[in-house]
Amino acid sequence: MISKDLSVEFLGVHFENPFLLSSSPVDNCYEMCAKAFDEGWGGVVFKTIGPKHFKINEVSPRFDELTKEGTPFVGFKNMEQIAEHSLEENLHDLRHLKDDYPNKVVIASIMGTNEEDWETLAQLVTEAGADMIEMNLSCPQMTSHEMGSDVGTNPELVKKYCAAVKRGSDLPMMAKMTPNITDMVPAAKASMAGGAVGIATINTVKSVANIDLDRKVGLPIVNGKSSISGFSGKAVKPIALRFLQQLRTAAGLEQLPISGIGGIETWQDAAEFILMGATTLQVTTSVMQYGYRIVEDMKNGLMHYMEDQHVEHLSELIGVANKNIVPAEDLDRDYKVYPKIDWDKCIGCGRCYISCFDGAHQAITWDIKTRRPSIDTSKCVGCHLCNLVCPVGAITTGEVVMKPGTKGNPEDVQIESSRLTHPVQ
Amino acid sequence: MSTKYEKEAPSYTMTTVMEEAARCLLCHDAPCSKACPAGTDPARFIRSVRFRNLKGAAETIRENNAMGAICARVCPTEKYCELACSRTGIDCPIDIGGIQRFVTDYEEQEKMDILRKGDSNGLSIAIVGSGPAGLQTAATLLQKGYAVDIYEKNEKAGGYLRYGIPEYRLPDEIVDVEINRIVNLGAEIKYNVTIGKDVTMADLKADHDAVVVAVGASEAKMLPMFEGNPYVETAVDFLARVKEAKGDIDNIPASAVVVGGGDVAMDVATTLKRLDVKNVTDLVYEEFDEFKASKKELDATQKAGVTIVDGYVPTDVDGNTITFKHRHLDSEMTIKTDLIILAVGQQVNTDNLGVNTDHGEVQHAGYKTDDEKVFFTGDIAQGDKTVVWAVRKGKEVAEEIDQALLGGNK
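An unreviewed UniProt entry lists chain B under the name dihydrouracil dehydrogenase (NAD(+)), with Furfurilactobacillus milii as the source organism. The Function (unreviewed entry) field of the UniProt record for chain B holds the comment "Involved in pyrimidine base degradation. Catalyzes physiologically the reduction of uracil to 5,6-dihydrouracil (DHU) by using NADH as a specific cosubstrate. It also catalyzes the reverse reaction and the reduction of thymine to 5,6-dihydrothymine (DHT)." The record held by UniProt for chain B lists under Subunit (unreviewed entry) the comment "Heterotetramer of 2 PreA and 2 PreT subunits."

With an unreviewed UniProt entry as reference, chain A is termed dihydrouracil dehydrogenase (NAD(+)), source organism Furfurilactobacillus milii. UniProt lists a comment for chain A under the heading Function (unreviewed entry), and it reads "Involved in pyrimidine base degradation. Catalyzes physiologically the reduction of uracil to 5,6-dihydrouracil (DHU) by using NADH as a specific cosubstrate. It also catalyzes the reverse reaction and the reduction of thymine to 5,6-dihydrothymine (DHT)."

Encoded structure:
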């Protein structure tokens, strides 16, 4: 079994590996966190602790899933709020986790309704021995508008509350941002101005996942009604990566330390977040579906990836992809790539033909007798929709041609891609 | 271009293996893993595939089972992991063998080198026989830091894997790859050495700290009525002859009769069909509901076009004409054929090896003999006579030796 150092330094704290449970139902008590540590997680962001005066009263049931064909949990909708245990119980659990697992990182997630709350909570979790604070400025399903994502979209409040936390604690502190916003940069900068040194993102995306067609109400149904609430899981990964990219390329935030969140389930997802600028990685939805054990393959797979990349420390990979994601106007639009069909692999299903006609440029002709497609380069624009729908990986990139009136050598164009030039077999 | 005899069934692709792995329910306390005699841990490696960690999957298989790519192909999974699979509560079990084959093929394609030789402890072990049990024993001992010499009576290693299982089920190349991994770990294989003839047990004991007898049931049984009959060949001889020649043999008969109903008989009958023998008839002592061959092998044999007649025993033979009678019914049939192949079992020869067997097995549990330096494993040890059990017994005898010599301590 491969063994490599997965440790990272994040906001001055040493993590034995970057995998953390995010603040959520998966780490709401000592027993859960202890089991997660035993199974190999590097740390936990303990389920958000609120002020004593704010009572949590949850609905039942409180989850829903988005499916597609036979695949469950494409996305996950969750209505649960912050920790339902008492403040005393939560602080007790934090203290004991730190006592029993001194080498694991215990991050306290907190949320207040006003400056005083934030300051007091910061003080309490610091006394309880937490290594770091995460400010939850982003939960989209709180029953108070003074809490959660309504706060996180208001840079002034963000800055004020961050400053309050800094008054209550010297611990390194990150602000957890909501994706329910057009541009995350102002809120992130406001949090830094208030004293945050890192950003955790994304929290869940506001959603209505499914409608019950007979009852005419969203799911889950709570005594005949439902609410908008947070959506997570694989489906939100692209949204999360987009926010990471925008943060890491904003002026002044180029070296921003990020704890990446949003649909992480495999080592490949983890590597993507790291390449997009995350130093630590937070996970909930896939743990809810499969359990803490998923960390084994994330860690092992990431070690193999490091080996393949000839990398000794994960820090060498952080943000490496950011520079390669550029504004759309900066992309090279002087050439196109024709697809190429591998006749040994083609099984004659005709899906490329259908998609090209109905969804692209009618550039595939279909031989009704032989049941084989062929590409009409006079119409093909090189969009490669055909590659994406081919079920057997028979369509790859072929000839590169320069568009009329452009200069440049087709051989200099970089089209190498694990998806397009080396499709799954 | 490989011949019909050589051609293996197609393997999964990256897409289809993910589809199959996606069927896995990822059970708690997974019954498949508990049901694998060798502890290959299918639940663990399928989970790794599911989470796109193929290298981790390969590590799990290889570290638990040095015959991983072989078991993937020949294990009667329907009796073990797939029998236990929870997915049967929905439809049919996960194709665990197929996923294992994909992963071990990937391991080879990526030239992964997973097993590590242990730091030398200065002790040396002799293993008699290079079948799956001997090979696994070697792999486990080498990882623990022992030096290992394997004594093989034939000119190639692998035992029944090499000479018995047909090419279309287990390509020679796979056997080579698996053996090379163990040679690369440091095993020294001495070919064409018969213990008791070329070298004595006393020599082995003098030169090594322990000796493991890992001989299998390599000799064919003969029924008295067929002795000396020129039309008769044993299954062991036939399978070895065809495999050696990669299916390119002379005088393919127009018809053949196979006697026997175990997995070996199924291999013989299917091989005959793949060699384009037009009429292949297999007569079997057992009736279908008490059949010895695995269901998978039986189905494949019938699908290959072999006529299987159950419940009959040979009562008389005159040259190439055999008479069979049904065991319970008043029924008799006479068949005239070009070739008669007997697949009626194999026997163990432990002469001069310091191990006493009765009915092919040592009559006590465990792997020790009265001589504290001599151990045994494989088919002659108690338990199933399958490759996966050979792996289990290889791991267990290695642990027992380690306990005996070092008390399990480094």
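After that view, the rundown keeps rolling.
**Student:** Quick question: what am I supposed to make of the domain arrangement of chain B here?
**Tutor:** As a measure of interface size, the accessible area lost when the parts come together is often cited. Residue and element names in this part refer to chain B. Assigned domains of chain B: these are domain 1 (14–109), domain 2 (124–218 + 348–406) and domain 3 (220–346). Between domain 2 and domain 3, the buried area comes to about 1300 Å², and carbon and sulfur atoms account for 45% of it. Three residues, Tyr160, Tyr163 and Tyr168, lead the burial of domain 2 against domain 3; their summed loss comes to 42% of the area buried on that side. In this structure, the connection of domain 2 to domain 3 is made through 4 salt bridges. Asp172 serves as the salt-bridge partner of Lys246, at 4.0 Å between the closest nitrogen and oxygen. Looking at which element gives the most residues to the side of domain 2 that touches domain 3, the answer is helix α9 (residues 160–163), with 4 residues. Partitioning the side of domain 2 that touches domain 3 into residue classes produces 9 nonpolar, 2 polar and 4 charged.

**Student:** For this particular structure, what's the right way to read the sheet that holds strand β6 (residues 232–234) of chain B?
**Tutor:** Strand pairs in the sheet, formed through backbone hydrogen bonds, run parallel or antiparallel to each other. All names here are of chain B. Pairing is parallel in the open sheet, where 5 strands are placed in the order β6-β13-β7-β8-β9. Of all the strands in the sheet, the pair left with one neighbour each is β6 and β9 (307–310). Shown here is a sheet whose adjacent strand axes are inclined to one another by a mean of 20°, direction ignored. Here 4 bridges tie strand β8 (residues 279–284) to β9, and the two strands are oriented parallel to one another. Across the sheet, the residue bridging to Leu283 is Val309, located in β9. In this fold helix α12 (residues 235–244) packs onto β6 and β13 (339–342), with an angle of close to 80° to the strand it touches most, β6.

**Student:** When you look at the domain arrangement of chain A in this model, what are you seeing that I'm missing?
**Tutor:** Looking at the assigned domains, one finds that chain A contains domain 1 (8–324) and domain 2 (332–412). Taking the mean C-alpha position of each, domain 1 of chain A and domain 2 of chain A sit 42 Å from one another.

**Student:** Just to check I follow, could you spell out the pairing of strand β10 (residues 312–318) of chain B for this structure?
**Tutor:** Residue and element names in this part refer to chain B. Strand direction decides the pairing type here: β10 and strand β11 (residues 321–326), joined by 6 bridges, are antiparallel. What sits directly across from Pro314, in β11, is Phe324. With antiparallel pairing between neighbouring strands as the criterion, β10 and β11 make up a hairpin whose turn holds 2 residues, including Gly319 at a positive phi of roughly 60°.

**Student:** Any chance you could explain the pattern of salt bridges here in plain terms?
**Tutor:** Side-chain pairs of opposite charge can arise where the charged atoms are in close proximity. A complete count under the given rule lists 50 salt bridges over all chains for this structure. A salt bridge links Lys98(A) to Asp131(A); the nearest nitrogen and oxygen atoms lie 2.7 Å apart. Note that Lys98(A) is positioned in helix α2 (residues 87–100) and Asp131(A) in the loop between α3 (115–127) and β8 (132–136), a separation of 33 residues in sequence. In terms of burial, Lys98(A) and Asp131(A) fall into one category: buried. Salt bridges here are not isolated pairs; linked through shared partners, they connect Arg62(B), Glu107(B), Glu108(B), Lys111(B), Glu178(B) and Arg181(B).

**Student:** How do you make sense of the packing of aromatic side chains when you look at a structure like this?
**Tutor:** Each aromatic ring pair is described using two quantities: the centre-to-centre distance and the angle formed by the ring planes. Using the criterion set out here, one finds 12 aromatic pairs over all chains in the structure. With centroids separated by 6.3 Å and ring planes inclined at 50°, the aromatic side chains of Tyr353(A) and Phe357(A) adopt a geometry described as tilted. Here the residue Tyr353(A) and the residue Phe357(A) both occupy positions in helix α11 (residues 351–359), the gap between them amounting to 4 residues, near one helical turn. Residues Tyr367(B) and Phe376(B) carry aromatic rings whose centres are separated by 6.4 Å and whose planes lie at 50° to one another, so their mutual orientation is tilted. Under the relative-accessibility criterion, Tyr367(B) is labelled buried at 8%. Exposure remark for Phe376(B): the relative accessible area of 0% places this residue in the buried category. Through a chain of ring-to-ring contacts, three or more aromatic side chains come together here, namely Phe63(A), Phe73(A) and Phe76(A). Above the face of the Tyr168(B) ring, Arg274(B) is positioned so that its terminal group lies 4.1 Å from the ring centre.

**Student:** Honestly, the environment of Asp212(A) in this entry has me stumped. Any pointers?
**Tutor:** Residues and elements named next belong to chain A. With respect to the helices and strands, the residue Asp212 is situated in strand β12 (residues 211–212). If we ignore the near neighbours within four places in the chain, the residues touching Asp212 are Val217, Leu219 and Ile221. From its side chain, Asp212 meets the backbone nitrogen of Asp214 in a polar contact 2.9 Å long.

**Student:** Which parts of the structure should I look at to understand unusual backbone geometry?
**Tutor:** A negative phi angle characterises most non-glycine residues, just as the trans form characterises most peptide bonds. Residues and elements named next belong to chain A. Across the junction of Ser60 and Pro61, the peptide omega takes the value -10°, indicating a cis bond. With respect to the secondary-structure elements, Pro61 resides in the loop between β4 (43–49) and β5 (63–68). Of note, the bond from Leu219 into Pro220 is cis; its omega dihedral lies within 30 degrees of zero at -5°. Of note, Pro220 is situated in the loop between β13 (217–218) and β14 (229–232). Despite not being glycine, Arg371 has its phi angle at roughly 55°, a positive value. By the secondary structure assignment, Arg371 is in the loop between β18 (364–367) and β19 (372–375). Look at His384: it is not a glycine, yet its phi comes out positive at around 70°.

**Student:** Where do I start with the UniProt feature "domain: FAD/NAD(P)-binding" (unreviewed entry) in chain B in this structure?
**Tutor:** The sites that carry the UniProt feature "domain: FAD/NAD(P)-binding" (unreviewed entry) are, in the present numbering, residues 124–394 of chain B. Taken end to end, residues 124–394 of chain B has its terminal C-alpha atoms 16 Å apart, with 28% of it in helix and 24% in strand.

**Student:** Looking at this structure, how should I read the interface of chain B and chain A?
**Tutor:** Each partner contributes residues to the interface: chain B has 18 residues there, and chain A has 18 residues. Around 1600 Å² of area is buried between chain B and chain A when both sides are counted, 43% of it from carbon and sulfur atoms. There are 4 salt bridges connecting chain B and chain A. Across the pair Arg44(B) and Glu296(A) runs a salt bridge whose closest N-O atoms are separated by 3.0 Å. One can count 16 residue pairs in polar contact (both at pLDDT 80 or more) joining chain B with chain A. For the side of chain B that touches chain A, the secondary structure elements donating two or more residues are α1 (14–23), α3 (42–50) and α4 (54–64) of chain B. The biggest single contributor to the side of chain B that touches chain A is α4(B), with 5 residues. When grouped by side-chain class, the residues that make up the side of chain B that touches chain A number 5 nonpolar, 6 polar and 7 charged.

Parameters and conventions
- Residues numbered from 1 in each chain as written.
- Chains lettered and ligands numbered in written order.
- Predicted model: local features only at pLDDT ≥ 70, side-chain atom pairs only at ≥ 80, totals over all residues.
- Heavy atoms only, no water.
- UniProt positions renumbered as here; feature names shortened; annotations may be inferred.
- Domains from an automatic or database assignment.
- Buried area = accessible area lost by both parts, 1.4 Å probe.
- Salt bridge = Lys/Arg side-chain N within 4 Å of Asp/Glu carboxyl O.
- Helix = DSSP H or I, 4+ residues; strand = E, 2+ residues; numbered from the N terminus.
- Nonpolar A, V, L, I, M, F, W, Y, C, P; charged D, E, K, R; others polar.
- Pairing = 2+ DSSP bridges.
- Axes fitted to C-alpha atoms, helices over the stretch in contact; angles between N-to-C directions.
- Contact = heavy atoms within 4.5 Å.
- Buried < 20%, exposed > 50% of the residue type's maximum accessible area, 1.4 Å probe, protein only.
- Phe/Tyr/Trp six-rings, centres within 6.5 Å; stacked < 30°, edge-to-face > 60°.
- Lys NZ or Arg CZ within 6 Å of the ring centre and 35° of its normal.
- Polar contact = N/O pair within 3.5 Å; in protein donor to acceptor, adjacent residues only side chain to side chain.

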